[in-house]
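In case you want the letters, here they are:
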Amino acid sequence: MHLKLGYRASSMEVSEIIMLVLCGIFLIPSLASATRFDQWWIRAFDFPRIQISILISTVIIISIIIFDFSETIHFIAIALIILSLIYQLHKIFPYTWFAKKEVMKFEDGDPSDNISILVSNVLTPNTQYHKLLEIVHRRQPDILLTLESDKKWEEALKEIEEEYKYTVKVPMDNLYGMHLYSKLKLEETEVRYLVKNDIPSIHGFVRLDDNTKVRIHCMHPRPPSPSEADTSTNRDAELLMLGRDVREQDDSVLVFGDLNDVAWSRTTRLFQQMSGLLDPRIGRGFFNTFHAGYRFFRWPLDHVFHSNDFTLIEIAREKPMGSDHFPMYINLNFERPAEEEQEKPEPDEEEKEWAQEKIDDAEPRENGV
C-alpha cells in the first residue's frame, strides 16, 4: 500500500516537471518574436501564431489539471504562460471577426469603378494549369498576378491573352518569376529589382477609366529561411522601402503579391503604417493562403493592400490549384469619398527610425537600396 502511494507521488512529480518544462518551452515563441533580431529562426515564430496559441492553450489546461499549486513555481509558470498566450492573441486578434473592420464594405449603388484581382503563387513545378484557368474563367478578375511562374506557365496561360491584352511577363526558373495579366489598360509599367538582382517586382499604373488611374506594385520578396536567406533583412527592407515610397506618392495605390510575411508581423504592420495602406482582412478573418497541403500549418502570406479611397465588395480564398498556396481573390470599388471615413495607419518616430535602419542594413544592389 505504501509502495503504491509512493509510486503515485513520484509519478505526479515527474508530470509536474514535464509541464514546467513545456511552460518554459512555450515562452520561447513569444519572447523571440517580441525581439527585433532578424535571424530566420527567430522571425519564423512570427508565422504560426494561430498554431502556437492553440498549443499554449493546451499546455495551460493540462498544467492546471496537473499542478496542485503547492509550490510558488506552479503559480509563476501558469502566470507566464498565460501572458505568452495573451501576447499571441493580441497579435492575431485584429484578423478575427471580433475586431473592428479597417475597410468599409461597399454598400450603395452600382460599383462602376470596381477592380478585381486574383493573386496566385502557382509553384513552379506545378503542372495543373487547368485548375488556375478554371478559377480565372469563373471569377473573371480584371487583373491576374501569378508568382513563381516560368516559361511553361507563360505558355499555359497564353489562352487568356485575347481577353487579358495588357501583360508584363518576367519568367524565371528560380521560384521568383511573375506574370501580370490585365483586362484594364496598364501604363508606365516597369520591372524593378529593389534589393536582389534575381528578385523582380512589377510597378506601374492601371487605368480604371479615362479619369481614374491607380498605381500598382506587385511584390514577391525572398523569405527568411535556411534555404533562402539567413535573415529577414532584405525582405523587410524591400517592403519598408516600398512603404516609404508609397507614402510620398499622392496616388491611389494597390500593393499585392506573396510578401512571404504574415499579416500580423511587425514588418507587415510597419509597412502598413509607413505606406498608409489598408488591409481588408482586418475584422474579417485570417484568409490563410499557405500551406495548401497541410490544414494545421497555415497562415496568411498572400496579400492585397490598398489606399483608403477603396471599399470592399468581396474578398475570398479560392480553391486549391496544385500549388502550396491558395489563390487569393479580391474585388474593390474606387470611392474617393471613402477617404474621409477610412483612417490611414500612421507610424510613430521610433518606428520610422527602425524602418530606416532596416533599409540601411539591406544588401546594396548597385545603389538600388
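Further up the page is the structure itself.
Residues numbered from 1 in each chain as written. Predicted model: local features only at pLDDT ≥ 70, side-chain atom pairs only at ≥ 80, totals over all residues. Heavy atoms only, no water.

Q: Explain the overall build of the chain to me, using residue names and the numbers behind them.
A: Helix and strand content of the chain: 10 helices and 11 strands. The C-alpha atoms of the chain give a radius of gyration of 23 Å, which matches the 21 Å a tight globule of 369 residues would have. By its C-alpha atoms, the chain is 90 × 50 × 45 Å across when sized along the principal axes. Relative to its 369 residues, the chain shows a buried fraction of 54%. Contacts in the chain between residues far apart in sequence, at least 24 positions, make up 70% of those at least 6 positions apart. Of the accessible surface of the chain, which amounts to about 17500 Å², a share of 55% is contributed by carbon and sulfur atoms. (Helix = DSSP H or I, 4+ residues; strand = E, 2+ residues; numbered from the N terminus. Rg over C-alpha atoms; globule rule 2.2 N^0.38 Å. Buried < 20%, exposed > 50% of the residue type's maximum accessible area, 1.4 Å probe, protein only. Contact = heavy atoms within 4.5 Å. Areas by Shrake-Rupley, 256 points an atom, 1.4 Å probe, with all protein chains shown as cover.)

Q: Hey, could you go over the layout of surface pockets for me, with residue numbers and the actual values?
A: By volume, the largest pocket is sized at about 430 Å³. Contributing to the lining of the largest pocket are 22 residues, with P223, P224, S225, N260 and F290 lying nearest its centre. When its residues are assigned to classes, the lining of the largest pocket shows 11 nonpolar, six polar and five charged. (1 Å grid on protein atoms, 1.4 Å probe; cavity = no way out; pocket = protein on both sides within 12 Å on 5 of 7 lines; lining within 4 Å. Points joined across faces, edges and corners; volume = space filled by probe spheres on them. Nonpolar A, V, L, I, M, F, W, Y, C, P; charged D, E, K, R; others polar.)

Q: Outline the environment of V214, listing residues and values.
A: Looking at the element boundaries, V214 is found in strand β7 (residues 213-219). Sequence-wise, V214 and R281 are 67 residues apart; in three dimensions their C-alpha atoms are separated by 21 Å. Residues within four places of V214 in sequence aside, it is in contact with G204, F205, V206, L208, S252, V253, L254 and F310.

Q: Now, about the sheet that holds strand β8 (residues 253-258): what can you tell me, with residues and values included?
A: What the five strands build is an open sheet, ordered β5-β6-β7-β8-β9; its pairing is mixed. Here the strands that pair on one side only, and so sit at the sheet edges, are β5 (185-192) and β9 (302-306). For this sheet, the mean angle separating the axes of adjacent strands, direction not counted, is 15°. Sheet topology places strand β6 (residues 201-207) next to β7; six bridges connect them, and they run antiparallel. Its bridge partner lying in β7, V206 is registered against V214. Across the sheet, helix α8 (residues 233-248) lies against β6, β7 and β8, angled at about 170° from β7, the strand it touches most. (Pairing = 2+ DSSP bridges. Axes fitted to C-alpha atoms, helices over the stretch in contact; angles between N-to-C directions.)

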